[in-house]
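# Summary of structural features
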Amino acid sequence: MKPQKYKLANGEIRWKFQFYIGKDPVTKKPIRKIRGGFKSPIEATIAYAKMLEDRQNGAFTEEGLSVENMRVETVYNLWHKEYETLVEASTLSKTESYYNNHILPDMGSRKVREVTSGELQTQLNKWARQAKSGVVWVDI
């Protein structure tokens, strides 16, 4: 890794680097992070070394982001590939319907690490009430 120099609009010099994390498990496209704003190439190199250490300690997987950094929708898509080989078509259809109608709208765009256990329990209780009553509640 060699830090790259760039100039700010006010004429000051800063340093940046690009860090390859891996491939997105769904799109298979490379995931790269760019970090910048460092006042010296040494600062940039230290930050790069920290990212390498984080990757080695499990902050990222070989496929890219760790599960905690993935969106709920991405984790579902990864799980779905395996699940569809294990169940009957009717079970798969029911699961997909429930996911698309309930989980995706409520939580699909959230990152796994952002969902708290209390929030998840509240959501599960809401879904259970809807399933029992047959009524879909709309929170306004």
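Model, not experiment: these values are computed from the prediction.

### Some words on the sheet that holds strand β1 (residues 4-7)
The antiparallel open sheet is built from three strands, whose spatial order is β1-β2-β3. The two strands at the open ends of the sheet, each matched to only one other strand, are β1 and β3 (30-38). Taken pair by pair, the neighbouring strands of this sheet meet at an average axis angle of 35°, ignoring direction. Where strand β2 (residues 13-23) lies against β3, seven bridges are found, and the strand directions are antiparallel. In the sheet register, Y20 faces β3, and the bridge partner there is R32. Sheet strands touched by helix α1 (residues 41-56): β2 and β3. Its angle to β2, the strand with the most contacts, is close to 15°.

### What to know about the layout of surface pockets
A probe as big as a water molecule, rolled over the atoms, marks out the empty space that is left. Quantified by volume, the largest pocket comes out at close to 230 Å³. V72, V75, Y76, Y99, I103, M107, V112, V115, L120, L124 and W127 together form the lining of the largest pocket. Sorting the residues of the lining of the largest pocket by element identifies α2 (72-83), α3 (89-107) and α4 (117-133) as the ones contributing at least two each. In terms of residue class, the lining of the largest pocket is built from eleven nonpolar, no polar and no charged.

### What about the confidence of the model for the protein?
Confidence along the protein averages 81 in pLDDT terms, with 85% of residues attaining 70 or more. Element-level pLDDT for the protein is lowest in strand β5 (residues 64-65), with a mean of 54, against a maximum mean of 95 in β1.

Rules behind the numbers
- Residues numbered from 1 in each chain as written.
- Predicted model: local features only at pLDDT ≥ 70, side-chain atom pairs only at ≥ 80, totals over all residues.
- Heavy atoms only, no water.
- Pairing = 2+ DSSP bridges.
- Helix = DSSP H or I, 4+ residues; strand = E, 2+ residues; numbered from the N terminus.
- Axes fitted to C-alpha atoms, helices over the stretch in contact; angles between N-to-C directions.
- Contact = heavy atoms within 4.5 Å.
- 1 Å grid on protein atoms, 1.4 Å probe; cavity = no way out; pocket = protein on both sides within 12 Å on 5 of 7 lines; lining within 4 Å.
- Points joined across faces, edges and corners; volume = space filled by probe spheres on them.
- Nonpolar A, V, L, I, M, F, W, Y, C, P; charged D, E, K, R; others polar.
- pLDDT = per-residue confidence, 0-100.

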